[in-house]
Amino acid sequence: MHPIEVARRRRIGRLVVAAATLAAAIGSGVGAAGATGSLGSGSLGSGSLGSGSAEGSGMWPYADTGWVTLHGDPANRKQQLGVDTAAEYTRWTALEGAAVLTAPVLLPNGNLAVTTGKAEGNANLHILDRLGNTVWEAPGWSGKDGVDSAAIMSSPIVDVDGNIYIADADQFWSYTSGGSLRWVIDLPAAPTPNPFATGARPINPFVTAVFTKDGGVLGTTAFGQVVVVDRATGELRAPILQLPGTLAKRHTKTAMSPSMWSDGIMDPAVRDPIFQIIMGGIVQSANTPAVDERTGRVFVAATDVVQDKGALYGLDVTPPRAGQPGSVSIGFSAQMGPGSGSSPVLSPDGRLVYTCDDEGLLYAFDASTGEQVWSAPSNAAAAAVTVDAGGDIYVLTNPGVASAFDETGEKLWDADLSAVTAAALPVNDVYGAPIVRGNGNPTVVNDAVLIEVYFGYDVPVQGYPVSVPVKAAIVELDPATGVARRTVAIASDSTEGLLAVAPDGRMFSTLGAMTSTAIAPLAPMVNPNLPDGLEVMRPQGGLDGFLPVS
């Protein structure tokens with residue numbers, strides 16, 4: 001799924017210093033509900049490490065609700081195979097005025113948990129009911145009190161008891177499904193000096209945590225620290241592992257528009273950090289780990305030890321035993337092309353791990369050895385791939401919308417949305433034929449691939465075409481051919497995220513407003529040239545919920 005000055009080149013030594021500084025903070029997490037703690041004291045990993053609560057029963061700790069993490073399930077496959085698309089949907093919209101970048105998750109009581117990135121004084125963890133009404137929110141934040149604006153980079157995750165876990169700029173929080181704070185701990189600090197733009201907050205969030213097979217909670221921070229804590233207490237379960245990769249360079253290939261996420265839709269102090277993380281700039285890891293529920297191995301895409309290269313890491317987690325702390329070790333490291341890659345995705349049988357690099361190369365790695373099995377040029381955006389039950393792979397592409405590959409890396413098709421594009425917008429006298437752009441990762445349902453797009457026009461600006469959105473939509477693709485069957489629903493704003501689908505057929509579209517806010521200054525120039533009733537998409541933000549009409 002997404003830059004101003006050139007970043008300074010940073011050496012491993014700087015990271016070691018950061019790790020040592022962090023180690024000075026590794027200590028006793030927390031031992032009581034509602035208590036606070038930090039990641040402790042002593043040398044790296046030798047502080048007061050908990051032996052763990054009674055979580056090591058082997059029970060997979062995710063809630064059985066059908067969509068419990070950013071990409072739906074622990075393997076990041078983004079599928080809801082028991083759902084048929086409905087002929088018609090009704091739509092509600094919640095949280096207008098706040099960008100939403102990561103998918104909501106489903107709680108056992110039927111409610112949704114979703115995050116935003118609003119400035120100090122606002123809430124950023126929200127629990128909504130089936131119709132988008134607010135059930136409860138975390139308190140408006142101030143300093144380290146309350147879930148802060150960097151939570152926008154992370155989906156909550158939900159355990160079997162309905163407890164919610166969410167990271168922000170510098171802390172990791174756990175709430176009950178009813179809104180009671182269970183615990184909060186400090187996360188490792190971002191490097192010093194602040195690597196982000198002047199005036200930005202030095203954030204170091206998880207890009208969505210995961211549960212380990214033995215029942216812990218694991219997160220990889222943006223700057224490559226792998227942290228495992230106890231679900232019940234927040235106490236550290238293993239020494240923090242610092243991934244060995246270098247820091248990525250500042251992303252400058254795509255400029256961040258001055259209007260992007262402006263006018264209060266996102267906290268100005270996190271705009272540059274969030275943009276860099278989305279685009280894989282400055283940080284080490286900008287993705288959600290995948291977990292193999294058979295072996296417990298955790299897969300993380302991050303930077304390599306070689307500057308400007310990415311790597312896939314296979315991490316093995318050993319739980320605490322007999323009063324001794326657990327451990328996290330690197331089982332393998334497999335080099336990729338540039339960037340920190342996309343969130344890893346496991347094949348249906350768990351043999352292969354898929355990811356993409358920043359040059360659009362799609363990789364398949366052996367999940368046991370890390371050996372590269374194949375790679376294929378795909379034009380894939382640096383966004384996670386999707387896998388169906390038969391093993392076919394779907395990727396968001398740029399340019400274009402989507403492409404499909406089989407499990408051997410052979411391309412099956414490039415998506416064809418010509419008919420739905422022509423039906424969405426007329427040919428314009430000034431700008432010509434309408435265009436379509438992919439605007440979110442594909443999601444697989446029964447006999448269909450759903451993808452979020454926008455329809456608009458290429459508008460010449462200073463001699464270059466700029467794709468200007470007019471309508472945002474969810475489109476249904478034939479998984480056998482890639483031909484668009486129909487436009488399923490119209491969204492309220494540009495999406496830039498993930499389409500979450502519940503087992504009962506509800507769909508949830510995150511309105512990231514990244515494109516709409518960036519393009520907003522062009523509206524006065526473009527709107528007079530559009531037919532009556534059409535205009536450049538207005539920034540709104542929020543979350544769209546689509547309910548099937550029976």
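Residues numbered from 1 in each chain as written. Predicted model: local features only at pLDDT ≥ 70, side-chain atom pairs only at ≥ 80, totals over all residues. Heavy atoms only, no water.

**Quick word on the sheet that holds strand 13 (residues 217–220)**
Overall, antiparallel pairing links the 4 strands, which are arranged 12-13-14-15 in an open sheet. The outermost strands of the open sheet, each flanked by one partner alone, are strand 12 (210–211) and strand 15 (241–242). As judged from the 2 bridges shared by strand 14 (residues 225–229) and strand 15, these two strands associate in the antiparallel manner. Residue pairing across strands places Val226 opposite Leu241, the latter belonging to strand 15. (Pairing = 2+ DSSP bridges. Helix = DSSP H or I, 4+ residues; strand = E, 2+ residues; numbered from the N terminus.)

**Concerning the layout of surface pockets**
In this structure, the second largest pocket spans a volume of roughly 290 Å³. Taken together, 15 residues make up the lining of the second largest pocket; nearest its centre are Asp64, Gly66, Gly72, Asp73 and Pro74. When grouped by side-chain class, the residues that make up the lining of the second largest pocket number 7 nonpolar, 5 polar and 3 charged. (1 Å grid on protein atoms, 1.4 Å probe; cavity = no way out; pocket = protein on both sides within 12 Å on 5 of 7 lines; lining within 4 Å. Points joined across faces, edges and corners; volume = space filled by probe spheres on them. Nonpolar A, V, L, I, M, F, W, Y, C, P; charged D, E, K, R; others polar.)

**Quick look at the sheet that holds strand 24 (residues 386–387)**
Read across the sheet, 4 strands follow the order 24-25-26-27 without closing on themselves; strand pairing throughout is antiparallel. Both edges of this open sheet fall to strand 24 and strand 27 (411–414), since each of them pairs with a single strand only.

**Observations regarding the pattern of salt bridges**
Applying the stated criterion across every chain yields a total of 20 salt bridges. For Arg237, the salt bridge goes to Asp214, with nearest N and O atoms at 2.2 Å. Of the two residues, Arg237 sits in the loop between strand 14 and strand 15 while Asp214 sits in the loop between strand 12 and strand 13, which places them 23 residues apart along the sequence. (Salt bridge = Lys/Arg side-chain N within 4 Å of Asp/Glu carboxyl O.)

**Notes on the side chain of Thr212**
You can see Thr212 is positioned in the loop between strand 12 and strand 13. Polar contacts involving the side chain of Thr212 include one to the side chain of Asp214, which spans 2.9 Å. Within the structure, Thr212 has its side chain in polar contact with the backbone nitrogen of Gly216 (distance 2.8 Å). Not counting chain neighbours up to four residues away, the residues in contact with Thr212 comprise Trp60, Pro61, Leu218, Val228 and Val317. (Polar contact = N/O pair within 3.5 Å; in protein donor to acceptor, adjacent residues only side chain to side chain. Contact = heavy atoms within 4.5 Å.)

**A short note on the side chain of Thr443**
Summarising the element assignment, Thr443 is placed in strand 30 (residues 443–445). Using a relative accessible area of 0% as the deciding quantity, one classes Thr443 as buried. Among the polar contacts made by the side chain of Thr443, one reaches the main-chain carbonyl oxygen of Leu499 at a distance of 2.8 Å. When neighbours within four sequence positions are excluded, Thr443 is seen to be in contact with Trp67, Lys78, Thr386, Ala448, Val449, Leu450, Leu499 and Val501. (Buried < 20%, exposed > 50% of the residue type's maximum accessible area, 1.4 Å probe, protein only.)

**Things to note about helix 2 (residues 271–279)**
The element helix 2 is extensively covered by neighbouring structure, given that 9 of its 9 residues are classed as buried. Of all the positions in helix 2, only Arg271, Asp272, Pro273, Ile274, Phe275, Gln276, Ile277, Ile278 and Met279 are classed as buried. Packed against the buried residues of helix 2 are helix 4 (514–519). A positive phi of about 75° marks Gly280, the residue just after helix 2.

**Some remarks on the packing of aromatic side chains**
Counted according to the given criterion, the structure contains 15 aromatic pairs. Arranged with centres 6.2 Å apart and planes meeting at 50°, the rings of Trp92 and Phe508 form a pair that is tilted. Here Trp92, found in strand 3 (residues 89–94), pairs with Phe508, found in strand 35 (residues 507–511); they are 416 residues apart in sequence, far enough to count as distant. Look at Trp92 and you get buried, because its relative accessible area is 9%. A relative accessible area of 2% means that Phe508 is categorised as buried. Here Tyr165 and Trp183 contribute two aromatic rings whose centre-to-centre distance is 6.0 Å and whose plane-to-plane angle is 50°, an arrangement assigned as tilted. Of this pair, Tyr165 sits in strand 9 (residues 164–167) while Trp183 sits in strand 11 (residues 181–186); the two residues are 18 residues apart in sequence, bridging distant segments of the chain. (Phe/Tyr/Trp six-rings, centres within 6.5 Å; stacked < 30°, edge-to-face > 60°.)

**Looking at the confidence of the model for the protein chain**
Chain-level statistics for the protein chain give a pLDDT mean of 89 and a share of 89% at 70 or above. Every residue in residues 1–33 scores below 50 in pLDDT, and together they form 104 contacts with partners more than four places removed in sequence or on other chains. Under a pLDDT of 50 for its full length, residues 40–57 has, in the predicted model, 57 contacts with residues more than four places off or in other chains. (pLDDT = per-residue confidence, 0-100.)

**Re the pairing of strand 31 (residues 448–461)**
Here strand 31 lies mainly inside the structure; 11 of its 14 residues are buried. Of the pairings in the sheet, the one linking strand 28 (residues 435–438) to strand 31 comprises 4 bridges and is antiparallel in character. Opposite Ile435, over in strand 31, you have Gly456 as the bridge partner. Pairing geometry for strand 31 and strand 32 (residues 464–477), over 13 bridges, is antiparallel. Residue Leu450 lies in a different strand from strand 32, and its bridge partner there is Glu476. The hairpin turn running from strand 31 into strand 32, its antiparallel successor, is 2 residues long, and Gln462 in that turn takes a positive phi close to 50°.

**Some words on unusual backbone geometry**
For the bond from Thr192 to Pro193, the omega torsion is -5°, close enough to zero to count as cis. The backbone of Lys78 shows a phi angle near 55°, a positive value even though the residue is not glycine. Secondary-structure assignment places Lys78 in the loop between strand 1 (35–37) and strand 2 (79–80).

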